[in-house]
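Here are the chains, one letter per residue:
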Amino acid sequence: SQEILQVENVKKYFKIGPNQTVKSVDGISFSIRKGETFGLVGESGSGKSTLGKTIVGLYPATSGKIRFDGHELGHLDRQTQRKLNREMQMIFQDPHASLNPRMRVGDIIAEGIDAHHLAKGKERQELVYHLLERVGLRPEHAERFPHEFSGGQRQRIGIARALAVKPKFIVADEPISALDVSIQAQVVNLLDDLKQEEDLTYLFIAHDLGMVKHISDRIGVMYLGKMMEIAESSNLFEEPLHPYTQALLSAIPIPNPRLARKRERIVLSGDPPSPVHPPSGCRFRTRCPYAMDICSKMEPAWREVKKNHWTACHLYNQ
Ligand code: SF4
Ligand code: MG
(Lines give C-alpha, C1' and ligand atoms only; values in the text may rest on other atoms or scores of the structure.)
(Ligands and ions follow the chains in the order given, each with its own letter.)
Protein backbone atom coordinates (compact mmCIF):
# COMPACT_ATOMS: atom_id res chain seq x y z
CA SER A 1 0.00 0.00 0.00
CA GLN A 2 0.82 3.66 -0.15
CA GLU A 3 3.72 5.21 1.78
CA ILE A 4 2.70 7.96 4.19
CA LEU A 5 6.22 8.73 5.45
CA GLN A 6 9.52 8.76 3.61
CA VAL A 7 12.78 9.36 5.41
CA GLU A 8 15.76 9.91 3.13
CA ASN A 9 19.32 9.99 4.42
CA VAL A 10 18.26 11.98 7.49
CA LYS A 11 20.94 13.21 9.88
CA LYS A 12 20.47 14.94 13.20
CA TYR A 13 23.65 16.21 14.84
CA PHE A 14 23.95 18.09 18.12
CA LYS A 15 26.93 20.32 18.79
CA ILE A 16 27.91 19.81 22.42
CA GLY A 17 31.25 21.66 22.41
CA PRO A 18 33.61 23.55 20.11
CA ASN A 19 34.89 20.34 18.50
CA GLN A 20 32.31 17.89 19.68
CA THR A 21 29.28 16.79 17.75
CA VAL A 22 26.94 14.00 18.71
CA LYS A 23 25.79 12.26 15.56
CA SER A 24 22.55 11.06 17.09
CA VAL A 25 20.98 10.16 13.77
CA ASP A 26 23.55 9.64 11.07
CA GLY A 27 22.06 8.97 7.67
CA ILE A 28 18.85 6.99 7.98
CA SER A 29 16.49 6.06 5.17
CA PHE A 30 13.23 4.15 5.44
CA SER A 31 9.56 4.58 4.80
CA ILE A 32 6.31 3.72 6.54
CA ARG A 33 3.18 2.61 4.74
CA LYS A 34 -0.22 4.03 5.52
CA GLY A 35 -1.83 1.98 8.28
CA GLU A 36 1.40 0.29 9.24
CA THR A 37 2.90 -0.06 12.69
CA PHE A 38 6.64 0.30 12.33
CA GLY A 39 8.57 -0.77 15.43
CA LEU A 40 11.86 1.03 16.04
CA VAL A 41 14.21 -0.64 18.47
CA GLY A 42 17.62 0.12 19.93
CA GLU A 43 19.49 0.58 23.19
CA SER A 44 19.42 3.97 24.88
CA GLY A 45 21.66 6.34 22.96
CA SER A 46 20.93 4.66 19.65
CA GLY A 47 19.16 7.80 18.41
CA LYS A 48 15.68 6.32 18.14
CA SER A 49 13.94 9.07 20.14
CA THR A 50 15.87 11.73 18.27
CA LEU A 51 14.78 10.18 14.99
CA GLY A 52 11.15 10.14 16.18
CA LYS A 53 11.28 13.79 17.24
CA THR A 54 12.94 14.77 13.97
CA ILE A 55 10.24 12.99 11.99
CA VAL A 56 7.39 14.84 13.72
CA GLY A 57 9.28 18.13 13.36
CA LEU A 58 10.17 18.74 17.02
CA TYR A 59 13.80 18.92 15.85
CA PRO A 60 14.82 20.26 12.46
CA ALA A 61 16.89 17.68 10.59
CA THR A 62 20.56 18.58 10.10
CA SER A 63 20.28 17.19 6.57
CA GLY A 64 18.24 14.78 4.51
CA LYS A 65 14.60 14.72 3.53
CA ILE A 66 11.43 13.82 5.37
CA ARG A 67 8.25 13.59 3.35
CA PHE A 68 4.88 13.14 5.03
CA ASP A 69 1.73 12.56 3.00
CA GLY A 70 3.35 14.19 -0.01
CA HIS A 71 4.74 17.24 1.83
CA GLU A 72 8.43 17.78 2.42
CA LEU A 73 9.13 18.96 5.97
CA GLY A 74 11.04 22.18 6.31
CA HIS A 75 9.62 23.53 3.04
CA LEU A 76 6.02 24.19 4.01
CA ASP A 77 3.79 27.21 3.98
CA ARG A 78 2.28 28.14 7.35
CA GLN A 79 -1.05 26.55 6.68
CA THR A 80 0.40 23.20 5.62
CA GLN A 81 2.80 23.32 8.55
CA ARG A 82 -0.14 23.73 10.93
CA LYS A 83 -1.96 20.87 9.26
CA LEU A 84 1.07 18.60 9.65
CA ASN A 85 1.59 19.73 13.26
CA ARG A 86 -1.90 18.41 13.86
CA GLU A 87 -1.65 15.25 11.78
CA MET A 88 1.65 14.09 13.27
CA GLN A 89 1.44 13.55 17.01
CA MET A 90 3.80 12.16 19.60
CA ILE A 91 3.17 10.13 22.73
CA PHE A 92 6.00 10.32 25.22
CA GLN A 93 7.73 7.78 27.39
CA ASP A 94 7.10 9.44 30.70
CA PRO A 95 3.44 10.42 31.00
CA HIS A 96 4.22 12.10 34.32
CA ALA A 97 6.75 14.53 32.88
CA SER A 98 4.72 15.29 29.77
CA LEU A 99 1.50 16.25 31.57
CA ASN A 100 1.37 19.70 33.18
CA PRO A 101 0.70 18.98 36.89
CA ARG A 102 -1.21 22.24 37.37
CA MET A 103 -3.65 21.66 34.57
CA ARG A 104 -6.88 19.72 34.83
CA VAL A 105 -6.96 16.59 32.70
CA GLY A 106 -9.78 17.95 30.56
CA ASP A 107 -7.73 21.02 29.66
CA ILE A 108 -4.63 18.92 28.98
CA ILE A 109 -6.60 16.81 26.55
CA ALA A 110 -8.14 19.92 24.97
CA GLU A 111 -4.81 21.73 24.42
CA GLY A 112 -4.62 20.69 20.78
CA ILE A 113 -8.35 21.19 20.27
CA ASP A 114 -7.91 24.80 21.41
CA ALA A 115 -4.68 25.41 19.49
CA HIS A 116 -6.21 24.17 16.26
CA HIS A 117 -9.67 25.68 16.92
CA LEU A 118 -11.36 22.32 16.47
CA ALA A 119 -14.20 22.86 18.93
CA LYS A 120 -15.32 25.15 21.73
CA GLY A 121 -17.88 25.40 24.52
CA LYS A 122 -20.16 22.46 24.95
CA GLU A 123 -18.88 20.72 21.84
CA ARG A 124 -15.32 20.89 23.19
CA GLN A 125 -16.44 19.50 26.52
CA GLU A 126 -18.27 16.63 24.92
CA LEU A 127 -15.29 15.87 22.73
CA VAL A 128 -13.11 15.67 25.85
CA TYR A 129 -15.59 13.33 27.57
CA HIS A 130 -15.75 11.19 24.48
CA LEU A 131 -11.93 11.01 24.27
CA LEU A 132 -11.68 10.01 27.94
CA GLU A 133 -14.09 7.17 27.28
CA ARG A 134 -12.21 6.13 24.14
CA VAL A 135 -9.07 5.56 26.20
CA GLY A 136 -10.85 3.73 29.01
CA LEU A 137 -11.26 6.62 31.45
CA ARG A 138 -14.44 8.41 32.59
CA PRO A 139 -15.89 11.87 31.87
CA GLU A 140 -15.60 12.92 35.51
CA HIS A 141 -11.83 12.45 35.24
CA ALA A 142 -11.71 15.68 33.22
CA GLU A 143 -11.90 17.71 36.45
CA ARG A 144 -8.98 15.99 38.13
CA PHE A 145 -5.23 16.61 38.04
CA PRO A 146 -2.53 14.28 36.63
CA HIS A 147 -1.13 13.28 40.06
CA GLU A 148 -4.46 11.67 40.92
CA PHE A 149 -3.86 8.98 38.32
CA SER A 150 -1.70 5.88 38.05
CA GLY A 151 1.09 5.61 35.48
CA GLY A 152 -1.08 3.58 33.13
CA GLN A 153 -3.95 6.07 33.43
CA ARG A 154 -1.60 8.97 32.79
CA GLN A 155 -0.42 7.29 29.63
CA ARG A 156 -4.08 6.95 28.61
CA ILE A 157 -4.44 10.71 29.16
CA GLY A 158 -1.41 11.28 26.94
CA ILE A 159 -3.00 9.09 24.28
CA ALA A 160 -6.31 11.00 24.53
CA ARG A 161 -4.41 14.28 24.12
CA ALA A 162 -2.73 12.98 20.97
CA LEU A 163 -6.01 11.62 19.58
CA ALA A 164 -7.89 14.84 20.26
CA VAL A 165 -6.59 16.55 17.13
CA LYS A 166 -7.44 13.65 14.80
CA PRO A 167 -3.90 12.74 13.82
CA LYS A 168 -2.94 10.48 10.92
CA PHE A 169 0.43 9.44 12.27
CA ILE A 170 1.64 8.92 15.83
CA VAL A 171 5.19 8.49 17.07
CA ALA A 172 4.89 6.56 20.32
CA ASP A 173 8.23 6.98 22.10
CA GLU A 174 8.54 4.08 24.52
CA PRO A 175 4.94 4.55 25.64
CA ILE A 176 4.98 1.49 27.88
CA SER A 177 8.58 1.34 29.12
CA ALA A 178 7.83 3.22 32.35
CA LEU A 179 4.72 1.17 33.15
CA ASP A 180 4.25 -1.93 35.28
CA VAL A 181 4.49 -5.10 33.22
CA SER A 182 0.88 -5.92 34.13
CA ILE A 183 -0.30 -2.65 32.58
CA GLN A 184 1.88 -2.70 29.46
CA ALA A 185 -0.28 -5.11 27.47
CA GLN A 186 -3.42 -3.06 28.19
CA VAL A 187 -1.86 0.11 26.84
CA VAL A 188 -0.48 -1.71 23.78
CA ASN A 189 -3.92 -3.21 23.12
CA LEU A 190 -5.53 0.20 23.45
CA LEU A 191 -3.08 1.69 20.95
CA ASP A 192 -3.71 -1.21 18.59
CA ASP A 193 -7.51 -0.84 18.82
CA LEU A 194 -7.30 2.91 18.25
CA LYS A 195 -5.11 2.35 15.22
CA GLN A 196 -7.79 0.22 13.57
CA GLU A 197 -10.65 2.53 14.53
CA GLU A 198 -8.96 5.81 13.64
CA ASP A 199 -6.98 4.71 10.58
CA LEU A 200 -3.70 5.60 12.22
CA THR A 201 -0.11 4.84 11.29
CA TYR A 202 2.44 4.31 14.07
CA LEU A 203 6.12 4.61 14.61
CA PHE A 204 6.42 2.64 17.82
CA ILE A 205 9.74 3.13 19.61
CA ALA A 206 10.98 0.63 22.20
CA HIS A 207 14.28 -0.42 23.71
CA ASP A 208 13.51 -4.08 23.48
CA LEU A 209 12.28 -6.25 20.67
CA GLY A 210 9.82 -8.19 22.79
CA MET A 211 7.73 -5.06 23.32
CA VAL A 212 7.16 -4.42 19.63
CA LYS A 213 6.99 -7.99 18.34
CA HIS A 214 3.22 -8.45 18.37
CA ILE A 215 2.10 -5.04 17.24
CA SER A 216 4.64 -4.25 14.53
CA ASP A 217 4.20 -5.03 10.87
CA ARG A 218 7.86 -4.24 10.30
CA ILE A 219 10.71 -3.53 12.68
CA GLY A 220 13.83 -1.41 12.32
CA VAL A 221 16.86 -1.90 14.55
CA MET A 222 19.08 1.11 15.31
CA TYR A 223 22.57 1.24 16.73
CA LEU A 224 24.63 4.39 17.34
CA GLY A 225 22.67 6.55 14.96
CA LYS A 226 22.47 4.02 12.11
CA MET A 227 19.85 1.57 10.96
CA MET A 228 21.23 -1.97 11.20
CA GLU A 229 18.31 -3.96 9.87
CA ILE A 230 14.71 -3.64 8.71
CA ALA A 231 12.40 -6.57 8.12
CA GLU A 232 8.85 -7.71 8.49
CA SER A 233 8.32 -8.55 12.13
CA SER A 234 8.03 -12.31 11.68
CA ASN A 235 11.10 -12.45 9.43
CA LEU A 236 13.16 -10.44 11.86
CA PHE A 237 12.37 -12.85 14.67
CA GLU A 238 12.76 -16.00 12.60
CA GLU A 239 15.82 -15.01 10.67
CA PRO A 240 17.65 -12.04 12.10
CA LEU A 241 20.50 -11.19 9.72
CA HIS A 242 22.50 -8.56 11.56
CA PRO A 243 24.70 -9.75 14.47
CA TYR A 244 23.33 -6.91 16.59
CA THR A 245 19.73 -8.01 16.01
CA GLN A 246 20.79 -11.57 16.79
CA ALA A 247 22.29 -10.32 20.05
CA LEU A 248 19.13 -8.43 20.99
CA LEU A 249 17.06 -11.51 20.25
CA SER A 250 19.32 -13.80 22.22
CA ALA A 251 18.28 -11.82 25.29
CA ILE A 252 14.61 -12.76 24.81
CA PRO A 253 13.63 -16.22 25.97
CA ILE A 254 11.55 -17.78 23.23
CA PRO A 255 10.09 -21.26 23.59
CA ASN A 256 10.97 -22.46 20.11
CA PRO A 257 13.66 -25.12 19.96
CA ARG A 258 14.11 -24.62 16.23
CA LEU A 259 15.43 -21.15 16.98
CA ALA A 260 17.26 -21.90 20.20
CA ARG A 261 20.65 -22.50 18.59
CA LYS A 262 20.57 -19.20 16.76
CA ARG A 263 19.64 -17.40 19.95
CA GLU A 264 22.65 -18.71 21.84
CA ARG A 265 25.17 -17.34 19.45
CA ILE A 266 25.79 -13.88 20.82
CA VAL A 267 25.76 -12.31 24.22
CA LEU A 268 26.01 -8.56 24.08
CA SER A 269 28.43 -7.23 26.65
CA GLY A 270 29.44 -3.73 27.63
CA ASP A 271 27.87 -0.43 26.68
CA PRO A 272 27.78 0.95 23.16
CA PRO A 273 30.68 3.29 22.29
CA SER A 274 30.07 7.04 22.48
CA PRO A 275 28.14 8.54 19.58
CA VAL A 276 30.62 11.46 19.71
CA HIS A 277 33.40 9.15 18.48
CA PRO A 278 31.69 6.20 16.84
CA PRO A 279 33.96 3.38 15.59
CA SER A 280 35.17 3.61 11.99
CA GLY A 281 33.62 1.34 9.40
CA CYS A 282 30.85 -0.67 10.98
CA ARG A 283 29.73 0.93 14.23
CA PHE A 284 28.91 -2.39 15.78
CA ARG A 285 32.38 -3.85 15.21
CA THR A 286 33.67 -3.23 18.77
CA ARG A 287 30.98 -5.59 20.09
CA CYS A 288 30.59 -7.92 17.13
CA PRO A 289 31.92 -11.48 17.44
CA TYR A 290 32.15 -11.77 13.64
CA ALA A 291 34.15 -8.59 13.03
CA MET A 292 36.60 -8.91 10.13
CA ASP A 293 39.37 -6.70 8.78
CA ILE A 294 37.10 -4.92 6.39
CA CYS A 295 34.65 -4.01 9.19
CA SER A 296 36.97 -1.32 10.59
CA LYS A 297 37.90 0.03 7.16
CA MET A 298 34.64 0.27 5.32
CA GLU A 299 31.11 1.08 6.30
CA PRO A 300 28.87 -1.80 5.22
CA ALA A 301 26.33 -0.85 2.56
CA TRP A 302 22.60 -0.86 3.26
CA ARG A 303 21.31 -3.72 1.11
CA GLU A 304 18.15 -5.71 0.51
CA VAL A 305 19.59 -9.14 1.30
CA LYS A 306 16.28 -10.98 1.09
CA LYS A 307 12.92 -9.79 -0.13
CA ASN A 308 11.87 -6.80 2.02
CA HIS A 309 14.67 -7.62 4.42
CA TRP A 310 17.42 -5.01 4.60
CA THR A 311 20.64 -4.94 6.56
CA ALA A 312 24.06 -3.29 6.66
CA CYS A 313 26.72 -5.93 7.36
CA HIS A 314 29.80 -7.16 5.50
CA LEU A 315 28.79 -10.76 6.21
CA TYR A 316 26.21 -10.42 3.44
CA ASN A 317 28.41 -8.88 0.80
CA GLN A 318 28.71 -11.81 -1.60
FE1 SF4 B 1 29.99 -7.46 12.52
FE2 SF4 B 1 31.39 -6.66 10.41
FE3 SF4 B 1 28.79 -7.18 10.16
FE4 SF4 B 1 29.62 -5.04 11.49
S5 SF4 B 1 29.90 -5.42 9.31
S6 SF4 B 1 28.03 -6.43 12.13
S7 SF4 B 1 31.45 -5.82 12.48
S8 SF4 B 1 30.41 -8.62 10.68
MG1 MG C 1 14.55 7.58 24.44
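What counts and what doesn't
- Residues numbered from 1 in each chain as written.
- Chains lettered and ligands numbered in written order.
- Predicted model: local features only at pLDDT ≥ 70, side-chain atom pairs only at ≥ 80, totals over all residues.
- Near = placed C-beta within 6 Å.
- Nonpolar A, V, L, I, M, F, W, Y, C, P; charged D, E, K, R; others polar.
- Pairing = 2+ DSSP bridges.
- Helix = DSSP H or I, 4+ residues; strand = E, 2+ residues; numbered from the N terminus.
- Core = buried A, V, L, I, M, F, W, Y, C linked by C-beta atoms within 7 Å.
- Buried ≥ 20, exposed ≤ 12 C-beta atoms within 10 Å, placed from the backbone.
- Contact = placed C-beta atoms within 7 Å.
- UniProt positions renumbered as here; feature names shortened; annotations may be inferred.
- Axes fitted to C-alpha atoms, helices over the stretch in contact; angles between N-to-C directions.
- Left-handed = near helix turned anticlockwise from the far one by under 90°.

**Q** Is there a simple way to explain the site of ligand 1 in this structure?
**A** In the neighbourhood of ligand 1, 14 residues make up the surrounding shell, with C282, R285, C288, C295 and C313 lying closest. Here the residues of the shell around ligand 1 sort into 11 nonpolar, two polar and one charged.

**Q** Hey, could you run me through the sheet that holds strand β2 (residues 20–33) in this one?
**A** Adjacent strands of a sheet pair through backbone hydrogen bonds, lying either parallel or antiparallel. One open sheet holds the four strands; their spatial order is β2-β1-β4-β5, and the pairing between them is antiparallel. Single-partner strands in this sheet number two, and they are β2 and β5 (71–72). Looking at chain direction, strand β1 (residues 3–17) and strand β4 (residues 63–68) are connected through five bridges and run antiparallel. Each residue of the ladder has a partner; that of K11, found in β4, is S63.

**Q** What is the right way to read the nonpolar core from this model?
**A** If you look at the biggest cluster of nonpolar residues, it comprises 79 residues, and the most contacted ones within it are I109, A160, L203 and F204. In this view, A160 contacts I109, L131, L132, R134 and V135; residues no more than four positions away in its chain are not counted.

**Q** How should the pairing of strand β3 (residues 37–41) be read in this particular structure?
**A** A regular strand carries its side chains on alternate faces of the sheet. Taking burial as the measure, the five residues of β3 include five buried ones, the bulk of the element. Alternating positions in β3 separate into two faces, T37, G39 and V41 on one and F38 and L40 on the other, with burial throughout. Alignment of β3 against strand β9 (residues 218–223), held across four bridges, turns out to be parallel. The residue bridging V41 from the neighbouring strand is V221, located in β9.

**Q** In this structure, what is going on with the UniProt feature "domain: ABC transporter" (unreviewed entry) in the protein chain? I would like to understand it.
**A** What UniProt calls "domain: ABC transporter" (unreviewed entry) maps, in this numbering, to residues 5–249. Here residues 5–249 is 37% helix and 28% strand, with 27 Å between the C-alpha atoms at its ends.

**Q** What is the right way to read the sheet that holds strand β6 (residues 88–91) from this model?
**A** The strand order across the open sheet formed by eight strands is β6-β7-β8-β3-β9-β10-β12-β11, and the pairing between neighbours is mixed. Since the sheet does not close on itself, it has two edges, and those belong to β6 and β11 (303–306), each with one partner. Pairwise comparison of adjacent strand axes, ignoring direction, gives a mean angle of 20 degrees for this sheet.

**Q** Whenever I open this one, unusual backbone geometry confuses me. Can you help?
**A** Where the residue is not glycine, phi is negative for most of them; where a peptide bond is considered, it is trans in most cases. One non-glycine residue, E174, adopts positive backbone phi at about 50 degrees. Its location among the elements puts E174 in the loop between β7 (169–173) and α6 (181–198). Given 22 C-beta atoms within 10 Å, E174 falls into the buried group.

**Q** Mind showing me how you'd approach helix α1 (residues 48–55) here?
**A** Residues that lie three or four places apart on an α-helix share one face, since the helix turns once every 3.6 residues. Among the eight residues of α1, seven are classified as buried, and the element is accordingly described as predominantly covered. Two residues or fewer after α1 comes G57, characterised by a positive phi angle close to 90 degrees.

**Q** What exactly am I supposed to notice about the packing of helix α3 (residues 105–115) against helix α5 (residues 151–163) here?
**A** The description of two helices packed together rests on the angle between their axes and the distance between the axes. Relative orientation of the contacting elements α3 and α5 amounts to 35 degrees, with a least axis distance of 7 Å. Read as a crossing pair, α3 and α5 show a hand that is right-handed. Contacts between α3 and α5 involve V105, I108, I109, E111 and G112 on the former and, on the latter, I157, A160 and R161. Considering only residue class, the contact of α3 with α5 consists of five nonpolar, one polar and two charged.

**Q** For this particular structure, what's the right way to read the environment of E36?
**A** Looking at the element boundaries, E36 is found in the loop between β2 and β3. Measuring from C-alpha to C-alpha, the distance between E36 and Q2 comes to 10.0 Å, with 34 residues separating the pair along the chain. Contacts of E36, omitting those with residues within four sequence positions, involve T201, D217 and R218.

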